[in-house]
Amino acid sequence: MPEEYLTTRERILLLLRSSVEPLTARDIMQATGIRREQEVYDHIYHIALSSKRKDYVVILYPPRCESCGAEISLEKPKRPSRCPRCKSERISRPKFLIRGRDEV
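This report concerns the structure included in the present document. Treat the numbers as computed from the prediction; the structure is a model and nothing was measured.

### Quick notes on the nonpolar core
Within the largest apolar cluster, 15 residues are counted, with the highest numbers of intra-cluster contacts made by Ile12, Leu16, Ile28, Val40, Ile44, Ile47 and Ile98. With four residues, helix H3 (residues 37–51) is the single largest residue contributor to this core. When neighbours within four sequence positions are excluded, Ile28 is seen to be in contact with Ile12, Leu15, Leu16, Leu23, Gly33, Val40 and Ile44.

### Thoughts on unusual backbone geometry
Phi at Lys87 is positive, roughly 70°, even though this residue is not glycine. Relative to the helices and strands, Lys87 is located in the loop between strand E2 (56–61) and strand E3 (95–100).

### So, the sheet that holds strand E1 (residues 23–24)
Judged by pairing direction, the sheet is antiparallel, and its three strands sit side by side in the order E1-E3-E2 without closing on themselves. Every other strand in the sheet has two partners, leaving E1 and E2 as the edge strands with one partner each. Contacts between helix H1 (residues 8–18) and the sheet are confined to E1, E2 and E3, with E3 contributing the most and set at about 85° to the helix. Strands E2 and E3 of the sheet are contacted by H3, whose axis makes an angle of about 135° with E2.

### Concerning the layout of surface pockets
Of the volumes computed, that of the largest pocket is approximately 190 Å³. What lines the largest pocket is a set of 13 residues, among which Tyr45, Ala48, Leu49, Val58 and Glu75 lie closest to the centre. Top element by residues in the lining of the largest pocket is H3. It accounts for five residues. Split by residue class, the lining of the largest pocket holds nine nonpolar, one polar and three charged. Sorting the residues of the lining of the second largest pocket by element identifies H1 and H3 as the ones contributing at least two each.

Procedures and definitions
Residues numbered from 1 in each chain as written. Predicted model: local features only at pLDDT ≥ 70, side-chain atom pairs only at ≥ 80, totals over all residues. Heavy atoms only, no water. Core = buried A, V, L, I, M, F, W, Y, C linked by side-chain atoms within 4.5 Å. Buried < 20%, exposed > 50% of the residue type's maximum accessible area, 1.4 Å probe, protein only. Helix = DSSP H or I, 4+ residues; strand = E, 2+ residues; numbered from the N terminus. Contact = heavy atoms within 4.5 Å. Pairing = 2+ DSSP bridges. Axes fitted to C-alpha atoms, helices over the stretch in contact; angles between N-to-C directions. 1 Å grid on protein atoms, 1.4 Å probe; cavity = no way out; pocket = protein on both sides within 12 Å on 5 of 7 lines; lining within 4 Å. Points joined across faces, edges and corners; volume = space filled by probe spheres on them. Nonpolar A, V, L, I, M, F, W, Y, C, P; charged D, E, K, R; others polar.

Listed below in structure tokens is the structure:
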């Protein structure tokens, strides 16, 4: 099916499934034409919810504090503003991949 007929979530799903390395929300924005970073996080959250009934898994590479090295755990995909440990604002962006259940 041509890509212009796919929904935004389907395009994100295909992009993350075919990607060799994990992508940030900014990478996904550039590839799909989405304008707001939060919109990407919302779509990934819903893709992850539906993955429970499907044959794929959303893999989250959590953000890290670039000052103290702490890994920041997330309940929902988002870009944290500060490190909970040292309060630094130098935080790497979370990255995402999608793989089949049998590949994980």
